[in-house]
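Notes for the structure review
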Amino acid sequence: MPDDCVGLPDAKSQDYRSFWADLRSARARTAEFRRIAKGGREVWIQATYTPILDPAGKLVKVVKYATDITAQKLISADHQGQISAIGRTHGVIEFDLDGKILLANDNFLAATGYRLDEISGRHHSMFMPGDEARSDAYQAFWQKLRAGDFVAGIHKRVGKGGRPVWLRATYNPIFDASGRVCKVVKYATDITRLITSHLAAVSSAQVTLGNVEAVAAASEELTASVSEITRAADSGHRSAEVMRDNVTRGEAAVARLKETTSAMNGVIKLIQEIASQINLLSLNATIEASRAGEAGRGFTVVASEIKTLSGQTATATENIARQIAELQDVSRSVDATMTGITGGISALHEASAVLSSAIEEQLAMTRSIAGNMHQAVDGVTGTTDSLAKMMQ
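To continue, consider the overall build of the protein chain. Helix and strand counts for the protein chain come out as 7 helices and 8 strands. Across the 392 residues in the protein chain, those meeting the buried criterion constitute 28%. Of the roughly 24,100 Å² that the protein chain leaves accessible, carbon and sulfur atoms contribute 57%.

Shown next, in the form of structure tokens:
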């Protein structure tokens, strides 16, 4: 076995035997070869195996001219591995500088629903929604790529059958050995499900925002209503206090009336005693006039007048006593009524005080709820904006 092949795993292969058969037939071989160096280290060489013939045309030896390309080969393998890794996880599609499709891998075709023969040679605009392909922004998009600038972002595209497709993608200009842009390669990830979920979340968030705003508005209205009720309750409370003060003054007036009517009873008794004495005096005068005979006739007239006056006084006194008794009955009735009113107003005063306190607490609570609703509106608005920004 030639030393050049020591340690090669394919040294016994049919290809290796054919390789030496060609050389023995004076056919040179030039290629990249994998070889094993000392210690089992793998090396790559760019080599030419040249058969050497004698003047008679007989093969006498093979000369190998080789260059070590291990470093370049490793770099190339690394790059190829990265490209292969990208191709396994991303959709890849290539365009010429006019935007015509050159190649597309299976991931991209699966995302858009097309076969390669359905899109090869067609323009990128076939994936654009609506009239966007005729927009100035789309023209500027391709001008930027032709100028060597990459474009990255989330793009809405149209798949087969008009199905919306969302791609997180980068459009990368590829340069040739002279530094000129020769094509554009797009690396894309299908995020249609994610965007659809985000759209649903945005829609739900917007509905929630509307509901929260409605609740916040209702809370504001409730706060205003409770404030109005609070003012009314305070007014009622003050009115109850005024009524209580008026009833208190009324009770004092009734008490004074009772005292006055009680004092008038003493006056009536005094008048009744005077009328009785006058009546007794009239009786005595009549007796004395009858004893005096003709001389006491004038005195008899005076005694008669006194008796008449005494009767009128007694009658008037009885009327006054009856009216005072009625007045006392009325004052007692008024006093009982005022007592009832006082109790009712006291209860109303206490109830209005409790109501005012409860309404104040309710007002504070509704204000707190309204504040929380506004915070919720701000939170939901922020969430909606965040979701919307994720789609930009």
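As a further point, take the sheet that holds strand β8 (residues 181–190). Here we have 5 strands laid out as an open sheet, ordered β5-β4-β8-β7-β6, and antiparallel in their pairing. On the outer flanks of this sheet lie β5 (101–104) and β6 (151–158), each paired with one strand and no other. Here the strands of the sheet are splayed against their neighbours by 30° on average, with no regard to which way each runs. Here β6 pairs with strand β7 (residues 164–175) via 8 bridges, running antiparallel. Directly across from G153, in β7, lies its bridge partner A169.

Pairing within the open sheet is antiparallel, and its 3 strands lie in the order β1-β2-β3. What marks the edges here is a single partner per strand, and that holds for β1 (29–36) and β3 (59–68). Here the average twist between neighbouring strands, direction ignored, is 35°. Note that strand β2 (residues 42–53) and β3 share 9 bridges and pair antiparallel. Paired with I52 across the bridge in β3 is K61. In the packing of helix α2 (residues 70–89) onto the sheet, contacts are made with β1, β2 and β3, and the angle to β2 comes to roughly 125°.

A separate point is the environment of K156. Relative to the assigned elements, K156 resides in strand β6. Judged by its relative accessible area of 39%, K156 is partly exposed. C-alpha of K156 to C-alpha of I195: the two residues are 39 residues apart in sequence and 9.8 Å apart in space. In this structure K156 touches P129, P164, V165 and W166, once residues within four positions along its chain are discounted.

With that out of the way, let us pick up unusual backbone geometry. Phi is positive for A26, close to 65°, though the residue is something other than glycine. In this structure, A26 sits in the loop between α1 (14–24) and β1.

Here the focus is the confidence of the model for the protein chain. When pLDDT is averaged along the protein chain, the result is 79, and 67% of the positions lie at 70 or above. This stretch, residues 5–9, has a pLDDT under 50; its non-local contacts, to residues over four places away or in other chains, come to 9 contacts.

Counting 23 residues, the largest nonpolar core has I93, I119 and F127 as its most contacted members. Counting only elements with at least two residues in this core, the list comes to β4 (91–95), β5, α3 (106–112), α5 (136–146), β7 and β8. Residues within four places of I93 in sequence aside, it is in contact with I101, L103, A104, F108, I119, F127, V184, V185 and K186. Listed in part, the 8 residues of the second largest apolar core include W20, L23, F33 and Y49.

Before going further, it helps to spend a moment on the side chain of K186. Note that K186 resides in strand β8. Notably, K186 is buried but unbridged: the nearest opposite-charge side chain belongs to D190, and the N-O separation is 10 Å. There is a polar contact of 2.9 Å between the side chain of K186 and the side chain of Y171. The residues touching K186, leaving out its near neighbours within four places in the chain, are G91, V92, I93, F95, F108, H124, R157, L167, A169, T170 and Y171.

This paragraph deals with the environment of L116. Following the sequence through the fold, L116 ends up in helix α4 (residues 116–119). The partly exposed category is assigned to L116, whose relative accessible area is 31%. Between the C-alpha atoms of L116 and N105, which are 11 residues apart in sequence, the distance is 8.2 Å. When sequence neighbours within four positions are dropped, the list of residues in contact with L116 reads L103, A104 and L109.

Turning next to the pattern of salt bridges. Evaluation of the coordinates by the stated rule reveals 10 salt bridges. As a salt-bridge pair, K183 and E94 come within 3.1 Å of each other at their nearest N and O atoms. Within this pair, whereas K183 is found in strand β8, its partner E94 is found in strand β4, the two being separated by 89 residues in sequence. Of the residues examined, E94 reaches a relative accessible area of 17% and is grouped as buried. Several salt bridges share partner residues, and in doing so they unite R115, D117, E118 and K160 into one network.

Let us look at the side chain of N105. As for its placement among the helices and strands, N105 is situated in the loop between β5 and α3. Judged by its relative accessible area of 18%, N105 falls in the buried class. In terms of polar contacts, N105 uses its side chain to reach the backbone carbonyl oxygen of H90, at 3.0 Å.

Thresholds, definitions, all that
Residues numbered from 1 in each chain as written. Predicted model: local features only at pLDDT ≥ 70, side-chain atom pairs only at ≥ 80, totals over all residues. Heavy atoms only, no water. Helix = DSSP H or I, 4+ residues; strand = E, 2+ residues; numbered from the N terminus. Buried < 20%, exposed > 50% of the residue type's maximum accessible area, 1.4 Å probe, protein only. Areas by Shrake-Rupley, 256 points an atom, 1.4 Å probe, with all protein chains shown as cover. Pairing = 2+ DSSP bridges. Axes fitted to C-alpha atoms, helices over the stretch in contact; angles between N-to-C directions. Contact = heavy atoms within 4.5 Å. pLDDT = per-residue confidence, 0-100. Core = buried A, V, L, I, M, F, W, Y, C linked by side-chain atoms within 4.5 Å. Lys, Arg positive; Asp, Glu negative; His and termini not counted. Salt bridge = Lys/Arg side-chain N within 4 Å of Asp/Glu carboxyl O. Polar contact = N/O pair within 3.5 Å; in protein donor to acceptor, adjacent residues only side chain to side chain.

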